[in-house]
There are 2 protein chains.
Amino acid sequence: MKPNVKKILAQAEHICAQKDIRLTESRRHVLSIIAGSSKPIGAYDILKSLSQKMDNPKPPTVYRAIEFLQAQGFIHRIESLNAYVTCDAHHHHTGSQFMVCDDCGKVTEAHLCDLPTPLLDKTKKENFKLSSWNVELHGLCAGCQ
Amino acid sequence: MKPNVKKILAQAEHICAQKDIRLTESRRHVLSIIAGSSKPIGAYDILKSLSQKMDNPKPPTVYRAIEFLQAQGFIHRIESLNAYVTCDAHHHHTGSQFMVCDDCGKVTEAHLCDLPTPLLDKTKKENFKLSSWNVELHGLCAGCQ
DNA sequence: GCACATATGTTATATTATAACAATTTATAT
DNA sequence: ATATAAATTGTTATAATATAACATATGTGC
Ligand SMILES: [Zn+2]
Ligand SMILES: [Zn+2]
Ligand SMILES: [Zn+2]
Ligand SMILES: [Zn+2]
């Protein structure tokens, strides 16, 4: 197991212990699969990988784990790819921002703690009560240009 | 037909004429269905509606029209809803921004011509070559709070 | 132990999207 | 006008993503 994966799992364990919620076996497996992927990974690729660690898992097992991990802020969904990545930020956040390379598929989290002013202004103008936000930037990463 | 739909169709007709590309019957129908919806509409709801205007249309007909309309910038896809809306801005743009009401489902386009500085800074720092971007703000619209 | 809440197993199905190839229509060039 | 190429549509099938529903099991507090 990559050291990075180990670290992510340890952090998740710690947070779950603190919050007194359960990082069960399937949840831990799914988290480690996502953490071990160099790129965002889709639910059915997670399932394939999970089938090497559990006996014949089914889609709901994966989706339930994903739902839990998202709720805890351990992973994010990349909407434009229908795929999942682990969170890079060191705190829980309701806004997500990513740079997605359209060539190699790699995704980098570009975390901002606050919604940029021009967008915040739009919400104020519309009297929109913000609860979460997601930004996906598409283009080419440094290595792919 | 709502006057708004008529206007959107007329604009699309005009642009297509200028660019010498074809707003064919199925494309026009799909555009008018999306324009006529008060909320983002999914491909299979478009298909259902389209079947009242054409004889037994199939999914590829809808998806091909969507692809065309997106390429021309007439419509946008709301990634978090798997659904489509017409563009509100008065010029072609590669960045999209929306406020999505999680209660009533209404979506408002919050167009910015440029990527906000904090995000632009992130791309520069990573030497990421930006080609397009999408922002989806979730929360409650003025009427739903 | 018992009641309750949480989590998992299992089967089936819903929803969203695309591949592949044939047929047709439209544009272009002789 | 006719041949040719390009763009568009028709059609069938299937891929890819996600959830509903209900039964079973496991953990938690009393
Ligand atoms: Zn994060
Ligand atoms: Zn890349
Ligand atoms: Zn727009
Ligand atoms: Zn609303």
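This section reports on the structure supplied with the text. This is a predicted model, so every value here is computed, not measured.

Take the overall build of chain A next. A tally of regular secondary structure across chain A gives 5 helices and 5 strands. Mapped in sequence order, the helices and strands of chain A form the string α-α-α-α-β-β-β-β-α-β. C-alpha atoms of chain A, sized along the principal axes, occupy 50 × 40 × 30 Å. Residues classed as buried in chain A amount to 45% of the 145 residues present. For chain A, the share of sequence-separated contacts (at least 6 apart) that also reach a separation of at least 24 residues comes to 47%.

With that out of the way, let us pick up the side chain of His 29 of chain A. All names here are of chain A. With respect to the secondary-structure elements, His 29 resides in helix H2 (residues 25-36). Of the residues examined, His 29 reaches a relative accessible area of 17% and is grouped as buried. Other than its neighbours up to four places away in sequence, His 29 contacts Leu 50, Lys 53 and Met 54.

Close to DNA strand C lie 17 residues, the nearest being Arg 22, Thr 24 and Arg 64 of chain A together with Tyr 44 and Arg 77 of chain B. The contact atoms of DNA strand C, taken as those within 4 Å of the protein, divide so that sugar and phosphate hold 47%. A distance of 3.0 Å separates a phosphate oxygen of DNA strand C from a polar atom in the side chain of Tyr 63 of chain B. The separation between a phosphate oxygen of DNA strand C and a polar side-chain atom of Tyr 84 of chain B is 3.5 Å. Taken together, the elements giving at least two residues each to the surface near DNA strand C come down to H2 and helix H4 (59-71) of chain A together with helix H4 (59-71) of chain B. Sort the elements by how many residues they give to the surface near DNA strand C and H4 of chain B lands first, with 4 residues.

Taken in spatial order, the 6 strands of this open sheet run E4(A)-E3(A)-E5(A)-E5(B)-E3(B)-E4(B), and their pairing is mixed. Sheet topology places strand E4 (107-109) of chain A together with strand E4 (107-109) of chain B at the edges, where each strand pairs with a single neighbour. Going from strand to strand, the sheet's axes swing by 20 degrees on average, the running direction of each strand aside. When strand E3 (residues 95-101) of chain A meets strand E5 (residues 129-140) of chain A, the two strands line up parallel, connected through 7 bridges. Of the residues in E5 of chain A, the one forming a bridge with Gly 95 of chain A is Trp 133 of chain A.

Let's shift gears to the protein's contact with DNA strand D. Looking at DNA strand D, there are 17 residues lining it, with Tyr 44, Tyr 63 and Arg 77 of chain A together with Thr 24 and Arg 64 of chain B nearest. Each atom of DNA strand D within 4 Å of the protein belongs either to a base or to sugar and phosphate, the latter forming 47%. Separating a base nitrogen of DNA strand D from a side-chain N or O atom of Arg 64 of chain A is a distance of 3.3 Å. Take Arg 64 of chain B: an N or O atom from its side chain is 2.5 Å from a base oxygen of DNA strand D. Looking at the surface near DNA strand D, the elements with two or more residues in it are H4 of chain A together with helix H2 (25-36) and H4 of chain B. With 4 residues, the top contributor of residues to the surface near DNA strand D is H4 of chain A. The residue makeup of the surface near DNA strand D, split by class, is 6 nonpolar, 4 polar and 7 charged.

Calculation rules
- Residues numbered from 1 in each chain as written.
- Chains lettered and ligands numbered in written order.
- Predicted model: local features only at pLDDT ≥ 70, side-chain atom pairs only at ≥ 80, totals over all residues.
- Heavy atoms only, no water.
- Helix = DSSP H or I, 4+ residues; strand = E, 2+ residues; numbered from the N terminus.
- Buried < 20%, exposed > 50% of the residue type's maximum accessible area, 1.4 Å probe, protein only.
- Contact = heavy atoms within 4.5 Å.
- Near = heavy atom within 4 Å.
- Polar contact = N/O pair within 3.5 Å; in protein donor to acceptor, adjacent residues only side chain to side chain.
- Pairing = 2+ DSSP bridges.
- Axes fitted to C-alpha atoms, helices over the stretch in contact; angles between N-to-C directions.
- Nonpolar A, V, L, I, M, F, W, Y, C, P; charged D, E, K, R; others polar.

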